[in-house]
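These are the residues of each chain, in order.
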Amino acid sequence: MVTDEIRENMEVVGFDGDHLGRVDCIEGDRIKLKKRDGGPHKKHHHYIGLDLVNNIEGHKVRLCCDADIARLFED
């Protein structure tokens, strides 16, 4: 199962390679992203559903959709 391969600090990227964030941990069926360094969202975590994960490539979690689409599904 892909969740066994996902580790803290792995980069999460869209299918297009654009950066979404870094893994904080897995919570249930979602990836909890680390708090962002800047901008309006710096004080809270975002989540990406594990159903969006396409594969693991080295130290990257690659999603099955482009980053701009994945951002629409962030919690």
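Before reading further, recall that the structure is shown in the block above.
Structure report, in brief. (Residues numbered from 1 in each chain as written. Predicted model: local features only at pLDDT ≥ 70, side-chain atom pairs only at ≥ 80, totals over all residues. Heavy atoms only, no water.)

**Remarks on the overall build of the protein chain**
- Along the protein chain, the regular secondary structure elements total one helix and six strands.
- Helices (α) and strands (β) of the protein chain occur, in sequence order from the N terminus, as β-β-β-β-β-β-α.
- At 11 Å, the protein chain has a C-alpha radius of gyration in line with the 11 Å of a compact globule built from 75 residues.
- Along the three orthogonal principal directions, the C-alpha set of the protein chain runs to about 35 × 25 × 20 Å. (Helix = DSSP H or I, 4+ residues; strand = E, 2+ residues; numbered from the N terminus. Rg over C-alpha atoms; globule rule 2.2 N^0.38 Å.)

**Describing the sheet that holds strand β4 (residues 46–49)**
- Sheet architecture is open: six strands sit in the order β4-β3-β2-β1-β6-β5, paired in mixed fashion. Looking along the sheet, the strands with just one partner apiece sit at the ends: β4 and β5 (53–57). Each adjacent strand pair in this sheet contributes to an overall mean axis angle of 40°, direction not counted. (Pairing = 2+ DSSP bridges. Axes fitted to C-alpha atoms, helices over the stretch in contact; angles between N-to-C directions.)

**A short note on the side chain of K32**
- Looking at the element boundaries, K32 is found in strand β3 (residues 30–33).
- Owing to a relative accessible area of 14%, K32 belongs among the buried residues under this scheme.
- Setting aside anything within four residues of it in sequence, one finds K32 in contact with R22, V23, D24, C25, E27, H45, H46 and Y47. (Buried < 20%, exposed > 50% of the residue type's maximum accessible area, 1.4 Å probe, protein only. Contact = heavy atoms within 4.5 Å.)

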